[in-house]
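# Results of the structural survey
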Amino acid sequence: MFELEFAGIRIQLPSNQPLLLLKHPGRNLYLPLWIGAPEASAIAMSEQGLTPPRPMTHDLMINVFEAMKVQLERVEIVSVDNAIFTAELVLSNGLRIDSRSSDAVALAVRAHCPILCTDEVLQTAGVAIESSSDEEPPEEQMREFREFLDNIDPEDFST
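Cut-offs applied
- Counting restarts for each chain, with residues numbered from 1 along the sequence as it is written.
- Owing to the predicted nature of the model, reporting of local features is limited to residues with pLDDT of at least 70; listing and counting of side-chain atom pairs is limited to 80 or more, with chain, interface and lining totals taken over all residues.
- Side-chain figures throughout are based on the complete set of non-hydrogen atoms in the structure, without hydrogens or water.
- Labels follow the DSSP assignment, with helices taken as runs of H or I lasting at least four residues and strands as runs of E lasting at least two, numbered in each case from the N terminus.
- For every residue, the accessible area obtained with a 1.4 Å probe (protein chains only) is divided by the maximum for its type, and the residue is called buried under 20%, exposed over 50%, and partly exposed between those limits.
- Two residues qualify as a contact provided that any one of their heavy atoms is within 4.5 Å of a heavy atom in the partner residue.
- Residues belong to a common nonpolar core when they are buried Ala, Val, Leu, Ile, Met, Phe, Trp, Tyr or Cys residues joined through side-chain atoms within 4.5 Å.
- Ring geometry is summarised as follows: Phe, Tyr and Trp rings, the Trp one being its six-membered ring, pair when their centres sit within 6.5 Å, and such pairs are stacked at plane angles under 30 degrees, edge-to-face over 60 and tilted between the two.
- Only when the NZ of Lys or the CZ of Arg is both within 6 Å of the ring centre and within 35 degrees of the ring normal is a charge said to sit over the ring.

### Considering the side chain of S102
Position of S102 among the secondary structure elements: in helix α3 (residues 101–111). We classify S102 as buried; its relative accessible area is 7%. Apart from the residues within four sequence positions on either side, S102 is in contact with I35, E39 and I43.

Here it is in structure tokens:
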């Protein structure tokens, strides 16, 4: 398993489909996951430190874990089939709970816990973004990455 970092949420045009980006910190390797608008909103709010007046579903789950005296230790993205990712929540009491990857990441962002991914998933759905030189400025890397996002489709990850 490899630990991934939350790299952000982008909106795929022209469909306006949210795209969650996770990055392997040791390589220029990204794992793009298409997610729903509610999950994208929940992740973005948490990442920006915004707290709604009443708990959202993912906040409620964290509160339930705390009330049950268990912690979310990590989330694991364990498989991908036809561009559908499967994740598991790993709790401090040893239980593993099947989850949609978008919900798992939303919980991980709130719980500040690691997001892990199998090598098989990274090999199947990971996207390497190679820069043309070691000295390439960050804005050029971002331009190349935006070009990649403009041309990617969920079908690119079908197996």
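### With respect to the environment of P18
Mapped onto the fold, P18 is located in strand β2 (residues 17–24). In this structure P18 comes out as buried when scored by relative accessible area, which is 6%. C-alpha separation for the pair P18 and A37, spaced 19 residues apart in sequence, amounts to 6.3 Å. In contact with P18, not counting residues within four places along its chain, are I9, R10, I11, L33, W34, I35, G36, A37 and A40.

### So, the environment of H58
Along the polypeptide, H58 turns up in helix α2 (residues 57–67). The class of H58 is buried, set by a relative accessible area of 9%. H58 sits 48 residues away from A106 along the chain, and the two C-alpha atoms are 6.7 Å apart. Not counting residues within four places of it along the chain, the set of residues in contact with H58 comprises A42, D103, A106, L107 and R110.

### What to know about the nonpolar core
With 32 residues, the main nonpolar core has L22, L31, L72, I77 and F85 as its most contacted residues. The leading source of residues in this core is α3, at six residues.

### Digging into the packing of aromatic side chains
All told, the structure shown has zero aromatic pairs when counted by the stated rule. When the ring centre of Y30 is taken as reference, the NZ or CZ atom of K23 above it lies at 5.6 Å.

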